Amino acid sequence: MATREYRWRHLTFLILLLALFIIAPFVVSLPFGVVIMNVAASAVFLVGIYAVSERKRLFFATLILAAVSMALSWMMLVAPRASILLAAQSSLMLLLGLFAVSILAYVLRRGRVTADKIYAAICVYLLIGYAWHSPTPPWSN
């Protein structure tokens, strides 16, 4: 059940995900736009950590995975190699999967259907869409 302090946590995450989708077409066309988008997505997922912060283990796992994903995205900017690209994309997919599964578990939990659960369900849908269409850098071809 959503307590008063967690009432709008998924709405905040939803707004940031939508902003990420709106800004993406303009940023990706820049020379290092894909790297910038990966870093921005990792920062948005730091807000997503707040959305899944009910359980401490899950909170720390997502925090560590988000930090690794952000660090690898920055490393792609400094040293664009295939191994760093693979590690960065893998960590991003793991992070997206972790968020989608943990938020979906919240949505499918017993209880009343609240606005927060509806926002959470939309977030899961957008996370799956972002994972499906995650941009890759031009040097990866």
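See the structure above.
Residues numbered from 1 in each chain as written. Predicted model: local features only at pLDDT ≥ 70, side-chain atom pairs only at ≥ 80, totals over all residues. Heavy atoms only, no water.

### Overview of the overall build of the protein
So, point 1. Regarding its fold elements, the protein presents five helices and zero strands.
So, point 2. In the protein, the order of α-helices and β-strands from amino to carboxyl end is α-α-α-α-α.
So, point 3. In the form shown here, the protein has an accessible surface area of approximately 8,300 Å², with 73% of it arising from carbon and sulfur atoms. (Helix = DSSP H or I, 4+ residues; strand = E, 2+ residues; numbered from the N terminus. Areas by Shrake-Rupley, 256 points an atom, 1.4 Å probe, with all protein chains shown as cover.)

### So, the packing of helix H4 (residues 82-107) against helix H5 (residues 115-132)
So, point 1. It is the contact of H4 with H5, at a shortest axis distance of 9 Å, that shows an interaxial angle of 155°. In terms of orientation, H4 lies roughly antiparallel with respect to H5. For the pair H4 and H5, the sense of crossing is left-handed. Each of Leu-92, Met-93, Leu-96, Phe-99, Ala-100, Ile-103, Leu-104, Tyr-106 and Val-107 in H4 lies in contact with H5, whose residues at this interface are Asp-116, Lys-117, Ala-120, Ala-121, Val-124, Leu-127, Tyr-130 and Ala-131.
So, point 2. Residue composition of the contact of H4 with H5, by class: 15 nonpolar, no polar and two charged. (Axes fitted to C-alpha atoms, helices over the stretch in contact; angles between N-to-C directions. Parallel < 35°, antiparallel > 145°, perpendicular 65-115°, else oblique. Left-handed = near helix turned anticlockwise from the far one by under 90°. Contact = heavy atoms within 4.5 Å. Nonpolar A, V, L, I, M, F, W, Y, C, P; charged D, E, K, R; others polar.)

### Describing the nonpolar core
In globular proteins that are soluble, nonpolar side chains generally tend to be buried together.
So, point 1. The biggest cluster of nonpolar side chains holds 27 residues, and the ones touching the most others in it are Phe-13, Leu-17, Phe-45, Ile-103, Leu-127 and Tyr-130.
So, point 2. Those elements giving two or more residues to this core turn out to be helix H1 (9-28), helix H2 (33-51), helix H3 (56-78), H4 and H5.
So, point 3. Broken down by element, the residue count for this core peaks at eight residues, all from H4.
So, point 4. Ranked by size, the runner-up nonpolar core spans six residues in total, among them Val-35, Leu-72, Met-76 and Ala-88. (Core = buried A, V, L, I, M, F, W, Y, C linked by side-chain atoms within 4.5 Å. Buried < 20%, exposed > 50% of the residue type's maximum accessible area, 1.4 Å probe, protein only.)

### Focus on the packing of H1 against H5
So, point 1. In the contact formed by H1 and H5, the axes pass within 8 Å of each other and the chain directions differ by 30°. With respect to H5, the element H1 is oriented roughly parallel. Taken as a pair, H1 and H5 cross one another with a handedness that is left-handed. Residues Arg-9, His-10, Leu-11, Phe-13, Leu-14, Leu-17, Leu-18, Leu-20 and Phe-21 of H1 touch H5, and the partners they reach there are Asp-116, Tyr-119, Ala-120, Ile-122, Cys-123, Leu-126, Leu-127 and Tyr-130.
So, point 2. Residue composition of the contact of H1 with H5, grouped by class: 14 nonpolar, one polar and two charged.

### Quick notes on H1
So, point 1. In this model, H1 (20 residues) spans 28 Å end to end at C-alpha, consistent with the 28 Å of a helix rising 1.5 Å per residue.
So, point 2. Along H1, the largest kink reaches about 35° and is centred on Ile-22; proline Pro-25 follows within four residues of it.
So, point 3. Taken together, the buried positions of H1 are occupied by Arg-9, His-10, Phe-13, Leu-14, Leu-17, Leu-20, Ala-24 and Val-27. (Expected span 1.5 Å × (residues − 1). Bend = angle between axes of the 7 residues up to and from the residue.)

### Observations concerning the packing of aromatic side chains
So, point 1. Under the definition given, this model contains one aromatic pair.
So, point 2. Where Phe-13 meets Phe-99, the ring centres are 5.9 Å apart and the plane angle is 50°; that geometry is what we call tilted. Here Phe-13, found in helix H1, pairs with Phe-99, found in helix H4; they are 86 residues apart in sequence, far enough to count as distant.
So, point 3. Since its relative accessible area comes to 0%, Phe-13 is described here as buried.
So, point 4. On the accessibility criterion, Phe-99 (0% relative accessible area) is buried.
So, point 5. The positively charged end of Lys-117 is found above the aromatic ring belonging to Tyr-106, 5.9 Å away from the centroid. (Phe/Tyr/Trp six-rings, centres within 6.5 Å; stacked < 30°, edge-to-face > 60°. Lys NZ or Arg CZ within 6 Å of the ring centre and 35° of its normal.)

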